[in-house]
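# Structure at a glance
Here's the letter readout for the chains.
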Amino acid sequence: MGYFVLGTRDLVVWYTEASVEFYVCLFVQLLAVAVIGFGVWMSTHDDNCRKSLTLPVLGLGAFIFVISIIGFLGALKNNSILLWAYLILLCLILVGILVFTVLAFIVTNNGSGHSVTGLKYKEYQLQDYSSWFLKQLKDGHNWEHLKSCLVKSEDCNDLSKKYKTLRQYKSAKLTPIEAGCCRPPSECGYPAVNASYYDLSYHPVSSNKDCKLYKNSRSVKCYNCDSCKAGVAQYMKTEWRVVAIFNVILFVVLSLIYFIGCCARQNAARNHSKT
């Protein structure tokens, strides 16, 4: 009878430990689905030119999902090797998220728009941003790819469709890319004829090289301007900040899950050593 009671108690302990690990892994699976969902959401809000972080986020979600399956199988079969592998991989994920998040906040710490009298949107200057952004945007190959994407995206050409009158255009809140790539800097002094055409017969009142680089041509605009690169940098900064904040939440939740998983493993090891 004593052996039966002891065996029953051990079975209950094992079942409780397995249940904790099972539900922890199941929660990690749901969290992975949430990360993938966040990546899909990002892809629907960005075009092909501005998906620098969409694929990494989707990849992170997929990796977490694979790790959760390893833990799920380990809990289901009570396989300590799989469960320890699950915890080690989860620890590596936590370290990776922490490193990326810290770097993301450092990289996006600089750079902000400058208000211009009479405009409801801001203008951006390339030198305000971090050296990492400058290196990426000044790389000839990277910028040629981005520029060809921007030309194809029709962002600038659609302005005349969005703002039918000059008054509407002047009171519009343009995005950083529209403000930097689709028009000359306001310091040039070119008068706007409509949302997609400026009178370039006027001599620019500024020595800014962007004033001479801007053309009304659909394929040129201000795509070669530093103001355009600054607009892209501001967009990238915003995107990186959103992902960094999401990663902070993800790190906290995964850390809690990791702590619970480690406690369950230690309790299981302690109970097995007593038997």
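Residues numbered from 1 in each chain as written. Predicted model: local features only at pLDDT ≥ 70, side-chain atom pairs only at ≥ 80, totals over all residues. Heavy atoms only, no water.

In this section: the UniProt feature "transmembrane region" (unreviewed entry) in the protein. In the numbering adopted here, UniProt assigns the feature "transmembrane region" (unreviewed entry) to residues 20–41, 53–75, 81–107 and 242–261. Taken end to end, residues 81–107 is 100% helix and 0% strand, and its first and last C-alpha atoms sit 39 Å apart. The span residues 242–261 carries 100% helix and 0% strand; its end-to-end C-alpha distance comes to 28 Å. (UniProt positions renumbered as here; feature names shortened; annotations may be inferred. Helix = DSSP H or I, 4+ residues; strand = E, 2+ residues; numbered from the N terminus.)

Bringing the packing of aromatic side chains into the picture now. Within the structure shown, the criterion is met by eight aromatic pairs. Judged by centre distance (5.1 Å) and plane angle (55°), the rings of Trp132 and Trp240 are tilted. Taken together, the residues span a long stretch of sequence, with Trp132 in helix H4 (residues 131–138) and Trp240 in helix H10 (residues 226–274) at a distance of 108 residues. Judged by its relative accessible area of 34%, Trp132 is partly exposed. Relative accessible area serves as the criterion here: at 10%, Trp240 is assigned to the buried category. (Phe/Tyr/Trp six-rings, centres within 6.5 Å; stacked < 30°, edge-to-face > 60°. Buried < 20%, exposed > 50% of the residue type's maximum accessible area, 1.4 Å probe, protein only.)

Residue placement: Val35 occurs in helix H1 (residues 2–45). Judged by its relative accessible area of 0%, Val35 falls in the buried class. Separated by 24 residues in sequence, Val35 and Gly59 have C-alpha atoms that sit 9.3 Å apart. What Val35 contacts, discounting residues up to four positions off in sequence, is Val57, Leu60, Gly61, Phe246 and Leu250. (Contact = heavy atoms within 4.5 Å.)

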